[in-house]
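As a plain string of letters, each chain reads:
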Protein chains: 4
Amino acid sequence: MSLKGYTVPRTSTGKASLVPPPPWHYVGDFLVVDYWAEPEAVRAVLPEGLEPHPDPGRCAAVFADWQSCSEGGEELLDPIRSHYREFFIVVNALFEGEEVTTCPFIWVDQDFALARGWIQGFPKKLGSIWMTRTFGLDVPADPGLRPGGRHGATCSARGRAIAETTLTIEGEAAEGPRHNAPPIVNVRHFPRLAAGRHDDPQVHELVRAVSRDRAISKVYAGPATLTLHPAPGEEHDSLAPVKIDRGYRFTFGYTVDDLETVKELA
Amino acid sequence: MSLKGYTVPRTSTGKASLVPPPPWHYVGDFLVVDYWAEPEAVRAVLPEGLEPHPDPGRCAAVFADWQSCSEGGEELLDPIRSHYREFFIVVNALFEGEEVTTCPFIWVDQDFALARGWIQGFPKKLGSIWMTRTFGLDVPADPGLRPGGRHGATCSARGRAIAETTLTIEGEAAEGPRHNAPPIVNVRHFPRLAAGRHDDPQVHELVRAVSRDRAISKVYAGPATLTLHPAPGEEHDSLAPVKIDRGYRFTFGYTVDDLETVKELA
Amino acid sequence: MSLKGYTVPRTSTGKASLVPPPPWHYVGDFLVVDYWAEPEAVRAVLPEGLEPHPDPGRCAAVFADWQSCSEGGEELLDPIRSHYREFFIVVNALFEGEEVTTCPFIWVDQDFALARGWIQGFPKKLGSIWMTRTFGLDVPADPGLRPGGRHGATCSARGRAIAETTLTIEGEAAEGPRHNAPPIVNVRHFPRLAAGRHDDPQVHELVRAVSRDRAISKVYAGPATLTLHPAPGEEHDSLAPVKIDRGYRFTFGYTVDDLETVKELA
Amino acid sequence: MSLKGYTVPRTSTGKASLVPPPPWHYVGDFLVVDYWAEPEAVRAVLPEGLEPHPDPGRCAAVFADWQSCSEGGEELLDPIRSHYREFFIVVNALFEGEEVTTCPFIWVDQDFALARGWIQGFPKKLGSIWMTRTFGLDVPADPGLRPGGRHGATCSARGRAIAETTLTIEGEAAEGPRHNAPPIVNVRHFPRLAAGRHDDPQVHELVRAVSRDRAISKVYAGPATLTLHPAPGEEHDSLAPVKIDRGYRFTFGYTVDDLETVKELA
């Protein structure tokens, strides 16, 4: 009898798999800040195969409060298996002359999302992420999406502050954030443990994200703040903002069941 | 110099207080199931001063996904200080002939909410509570509030399942749940540790909740399920459902800055 | 039928009580740093009834990795109900001319310990506390209790760093830390929520801890570091060290089932 | 400039890597129960390449309370980066005629340990694991390692009970558990996301664990209990005990920096 399961643990039925098989359906609230870091710091996190963007230093900081499920939506009825929050940074770059983004740092608060990230080339660690919510009632505890509404988000990991942002909504925006708009190209990586091969990963390839059935709400925007904190065993603060454009609040959904390998790395 | 602070820890400024001073503003999503437990089990959790309700066994199970803040709303920008989720059961009773509810069991996932509960007479323990969300996008990961939309919620504590519920929305309801509609009367209780007085609490009084500025969304309702699981050191499962009416999904907000003591207990 | 239980929630059996009735038996590993803060900062956290110590600024920072149980020890078989870790600061003071300590700030990682703390006058909040362990094997992952053995501990709360310490063991010490040796006097405090009485706590009294059946291991000591980090909604960093004596590592056990009220506060 | 790091996230320095490069040094307390499950259930979790053991159904349930570090031991001073607890089951099998074990199910409470597990072929998910401790003091809260000392351990995941065990120490044992003694052979597995290749993992190989510098304490043993609970999305309870031999308590340390691939799987 052979074992089944998209990921470990694998069994005769596949039901215990940490990550159910694709497609994966997502919907979530986003708080995004378009900003610039030191160009040299951005260059230093580009994987092999990517070249610096002509607007060097271009980054986005992204907080997302997600609900996701696999086909059939069984996880939606058991929300500890569908909710998660994450914080990540993307930097802008060129791949074969085309504008792309890539994600050097990301934290997420659930194991299934961590594993799904590794499979897609997102370098996920566990963290604790929080983001202001809206509820559609005009009461003091609901900042709403109206002009003047103030929103915040934080990320910590291992009990240390990682990032925090605030956004004050000015109004609806004609379009969403620009710094995380290009297609994302990440590195899928899985190391070896065999003696002598610790520097020779078994999986090491540049991959381009593929998604479908994208949906987006109205977008709200306004002035934003962003702080990246140093922490032991972390390096994201090298991408601290030197200039901030603005922040965006919106809701977004899509489906993922494909990934394109664009280059094998050494 | 005297110390300030609505709760401990108290300092010269009061800023470190676990709970900021009232008023406390709340808004949150609710999933409520009207049901009946064994009449004898309900009677067994009534505090001194309350009499059984003429419809014996009447209960509600309530999941709430809250955002709250104190005056000025500072916590809204730092959502780890404003978000929390809770699960509780209310049973119906009479107080001096008037219909009331009382809360025998409740779990919450943040310390400030636990302390605020003790102050109001809610017998809070820590737990982990999860509840399906909606995002307003028509995508597979969003069950929405439309007929057929399926929602779930769970509560666990100390790594053991406490409760789970599901609701399938049929449509809008003219009114909300009836079993948790009456005013709530709880017991404020703070024990002594002095030798010989462990059974002689320093605070022991029946209190009636007072709130203002209530706001509510449209209410959606439909058939529901509810399971209460036994767990070590827990007794809420004595209130397991023998009959379920239906479930409700809505958003609710209010403000609390008062509490009425209605009876000193022995 | 009347309800039983040392704390809420109270039932006909008392089994669901968050905190079982005393006695409470404790054993745990300790990492303690004797140090001095700014004298004025220490004075600012003294509750009514305590006077400054003649050696102003005298403090201790205490990390403890506890296992506790009530009579019969049932919780020891279900360790999620017996383990907890905490970090606290004590400052030195005089009460009616006698040397005492008092605890202005403390974090703990379990609800039952938080509630037990409030009952004893410890102003507990939830936090995440970590402390290096020893295992008695001579392997690289075990720093041991030998000269040169390095130990660390951290505390965070709400995703922000609160405190960290390190100790390098020099050898056995003839005695333990001196700055937390005097008896501890804390404030039991339970506020009112009735309108107009938010500044008039229902319980507000100075209490002296009482314990029995104390046991202690050998004590190891050496040079130590201590950092107290600022964090939103926290004020413990006002007690940051201006001078550090040394650190101590030992194991300690005792039993608590009494508390002495020494003064009613206004 | 090329990126460094044993795992993601990879940077110019490698310092942000979730898992530092091998060697990895470990020390921890163990609670192990030798037992038998239904032979058919054991057969059903054997990966390709392993054959049933002649004593069919032979399993061990293992709780471990670990401290680990990489070369130099930096993590020992920051214990949130060195402590973790895990629960796993091993089943006995034959590989090319030799007695081996393999691990079908395992839960761990830290991200670095989850990733390190995947790299070694352990099918880790996140869970919450608790285990009775000893402190070397003769006090009621310390069960000690003496005859009659009672120890317990639990594992939960996603708020549901997974496993619990108890051990009553009878005395020292001449040797440790037998059911997890054979070398362990696991499956390293890393799936593809490219459309059409979801069933064609990129890494899929049978690996044999390699370790060195093993150290062990005295071993204590006695009668044990073990319960495996069903939970949504889990299948470990298929290996529930039909017969229990006994339980063991000991401390163990070793170093890992190698892994042997013994067979490529289809």
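Conventions adopted
- Residues numbered from 1 in each chain as written.
- Chains lettered and ligands numbered in written order.
- Predicted model: local features only at pLDDT ≥ 70, side-chain atom pairs only at ≥ 80, totals over all residues.
- Heavy atoms only, no water.
- Least-squares fit on C-alpha atoms with pLDDT ≥ 70 in both.
- Contact = heavy atoms within 4.5 Å.
- Buried area = accessible area lost by both parts, 1.4 Å probe.
- Salt bridge = Lys/Arg side-chain N within 4 Å of Asp/Glu carboxyl O.
- Polar contact = N/O pair within 3.5 Å; in protein donor to acceptor, adjacent residues only side chain to side chain.
- Helix = DSSP H or I, 4+ residues; strand = E, 2+ residues; numbered from the N terminus.
- Nonpolar A, V, L, I, M, F, W, Y, C, P; charged D, E, K, R; others polar.
- Phe/Tyr/Trp six-rings, centres within 6.5 Å; stacked < 30°, edge-to-face > 60°.
- Lys NZ or Arg CZ within 6 Å of the ring centre and 35° of its normal.
- Buried < 20%, exposed > 50% of the residue type's maximum accessible area, 1.4 Å probe, protein only.
- Pairing = 2+ DSSP bridges.
- Axes fitted to C-alpha atoms, helices over the stretch in contact; angles between N-to-C directions.
- Parallel < 35°, antiparallel > 145°, perpendicular 65-115°, else oblique.
- Left-handed = near helix turned anticlockwise from the far one by under 90°.

Chemist: Explain the relation of the copies chain A and chain B residue by residue, including any values.
Modeler: In screw terms, the move from chain A to chain B is a rotation of 180° and a rise of 0.0 Å along the axis, fitting with an RMSD of 0.0 Å. Given the turn and translation reported, the copies of this chain are related as if by a two-fold rotation axis. The position closest to the rotation axis in chain A is occupied by the C-alpha of phenylalanine 135 of chain A, lying 5.0 Å away. A high fraction, 100%, of the interface residues of chain A reappear at the interface in chain B, so the copies pair face to face through one surface.

Chemist: So what about the interface of chain A and chain B? Which residues, and what values?
Modeler: Taken together, the contacts link 40 residues of chain A with 40 residues of chain B. Across the chain A/chain B interface, buried area totals approximately 3,300 Å², and carbon plus sulfur atoms make up 68% of it. The tally of links from chain A across to chain B stands at 4 salt bridges. Where chain A touches chain B, the interface holds 12 residue pairs in polar contact (both at pLDDT 80 or more). If you list the elements that add at least two residues to the side of chain A that touches chain B, you get β1 (24-36), β3 (58-70), β4 (83-95), β7 (128-131), β8 (150-157), β12 (203-216) and β15 (243-264) of chain A.

Chemist: Quick one: what's the story with the side chain of histidine 25 of chain C, residue by residue and with numbers?
Modeler: Following the sequence through the fold, histidine 25 of chain C ends up in strand β1 (residues 24-36). Side-chain polar atoms of histidine 25 of chain C contact the side chain of glutamate 71 of chain C, separated by 2.6 Å.

Chemist: Lay out the interface of chain A and chain D in plain terms, naming residues and giving numbers.
Modeler: Listed as interface residues are 62 residues of chain A and, on the opposing side, 62 residues of chain D. Roughly 5,600 Å² of surface becomes buried between chain A and chain D when both sides are summed, with 64% attributable to carbon and sulfur atoms. For the pair chain A and chain D, the interface holds 2 salt bridges. Between aspartate 78 of chain D and arginine 160 of chain A there is a salt bridge, with its nearest N and O atoms 2.9 Å apart. Connecting chain A to chain D are 30 residue pairs in polar contact (both at pLDDT 80 or more). Every element with two or more residues in the side of chain A that touches chain D is listed here: α1 (39-44), β5 (98-108), α2 (111-120), β6 (124-126), β11 (185-190), β12 and β15 of chain A. At 6 residues, the largest contribution of residues to the side of chain A that touches chain D is made by α2 of chain A. Each residue belonging to the side of chain A that touches chain D can be placed in one class, and the counts come to 31 nonpolar, 14 polar and 17 charged.

Chemist: Lay out the packing of aromatic side chains in plain terms, naming residues and giving numbers.
Modeler: Under the defined criterion, the tally for this structure stands at 54 aromatic pairs over all chains. Through a chain of ring-to-ring contacts, three or more aromatic side chains come together here, namely Tyr26, Phe30, Trp66, Tyr84, Phe112, Phe250, Phe252 and Tyr254 of chain A. Across from the ring centre of phenylalanine 122 of chain C, 5.9 Å away, lies the NZ or CZ of lysine 124 of chain C, which sits over that ring. Stacked on the ring of tryptophan 130 of chain D, the Lys or Arg arginine 85 of chain D has its end atom at 4.6 Å from the ring centre.

Chemist: Explain helix α2 (residues 111-120) of chain C to me, and be specific about the residues and the numbers.
Modeler: Residue and element names in this part refer to chain C. Most of α2 sits inside the fold, with 10 of its 10 residues counted as buried. Within the span of α2, buried status applies to Asp111, Phe112, Ala113, Leu114, Ala115, Arg116, Gly117, Trp118, Ile119 and Gln120. Just beyond α2, the residue with positive phi is glycine 121, at close to 90°.

Chemist: Talk me through the pattern of salt bridges; I want residue IDs and the actual numbers.
Modeler: Residue and element names in this part refer to chain A. The final tally for this structure, using the stated rule, is 88 salt bridges over all chains. Across the pair arginine 158 and glutamate 234 runs a salt bridge whose closest N-O atoms are separated by 3.9 Å. Of this pair, arginine 158 sits in the loop between β8 and β9 (160-168) while glutamate 234 is found in the loop between β14 (224-228) and β15, placing the two residues 76 residues apart along the sequence. The exposure class assigned to glutamate 234 is buried, which follows from its relative accessible area of 9%.

Chemist: Give me the lowdown on the sheet that holds strand β9 (residues 160-168) of chain C, citing residues and values where you can.
Modeler: All names here are of chain C. Taken in spatial order, the 4 strands make up an open sheet running β7-β8-β9-β14, and their pairing is antiparallel. Strand pairing shows two members of the sheet lacking a second neighbour, β7 (128-131) and β14 (224-228), which therefore form its edges. The average angle at which neighbouring strand axes cross in this sheet is 5°, direction not considered. Summarising the sheet, β7 and strand β8 (residues 150-157) pair through 4 bridges and their orientation is antiparallel. Residue pairing for β8: isoleucine 129 is matched across the bridge by cysteine 155.

Chemist: Report on the relation of the copies chain A and chain D, specifying residues and quantitative values.
Modeler: Expressed as a screw operation, the relation of chain A to chain D combines 0.0 Å of axial shift with a rotation of 180°, fitting to an RMSD of 0.0 Å. Interface overlap between copies is the fraction of interface residues in one copy that are interface residues in the other; for chain A against chain D it reaches 100%, indicating a shared surface.

Chemist: Account for the packing of helix α2 (residues 111-120) of chain B against α2 of chain C, with residues named and values stated.
Modeler: Contact pair α2 of chain B / α2 of chain C: the axes reach a minimum separation of 12 Å and the direction vectors enclose 50°. Between α2 of chain B and α2 of chain C, the angle falls in the class oblique. Two packed elements cross with a definite hand, and for α2 of chain B against α2 of chain C that hand is right-handed. Contacts from Asp111, Leu114, Ala115 and Trp118 of chain B of α2 of chain B reach α2 of chain C at Asp111, Leu114, Ala115 and Trp118 of chain C. Class assignment for the residues of the contact of α2 of chain B with α2 of chain C results in 6 nonpolar, no polar and 2 charged.

Chemist: Outline the sheet that holds strand β9 (residues 160-168) of chain D, listing residues and values.
Modeler: All names here are of chain D. Spatial strand order, β7-β8-β9-β14: 4 strands in an open sheet with antiparallel pairing. The sheet is open, and its two borders are formed by β7 (128-131) and β14 (224-228), each paired with just one other strand. Sheet twist, expressed as the mean angle between neighbouring strand axes with direction ignored, is 5°.

Chemist: A description of the pairing of strand β5 (residues 98-108) of chain C should follow, citing residues and the corresponding values.
Modeler: Residues and elements named next belong to chain C. Counting buried residues in β5 gives 9 out of 11 residues, a clear majority hidden from the surface. Where strand β4 (residues 83-95) and β5 come together, 9 bridges link them in antiparallel fashion. Within β5, the position partnered with phenylalanine 88 by the bridge is isoleucine 106. The turn linking β4 back onto β5 is made up of 2 residues, and glutamate 96 within it adopts a positive phi angle of 50°.

Chemist: Talk me through unusual backbone geometry; I want residue IDs and the actual numbers.
Modeler: The residue after valine 8 of chain A, namely proline 9 of chain A, is reached through a cis peptide bond having omega -10°. Positionally, proline 9 of chain A belongs in the segment before β1. One non-glycine residue, arginine 158 of chain C, lies in positive phi territory at about 50°. Look at arginine 158 of chain C and you get buried, because its relative accessible area is 17%.

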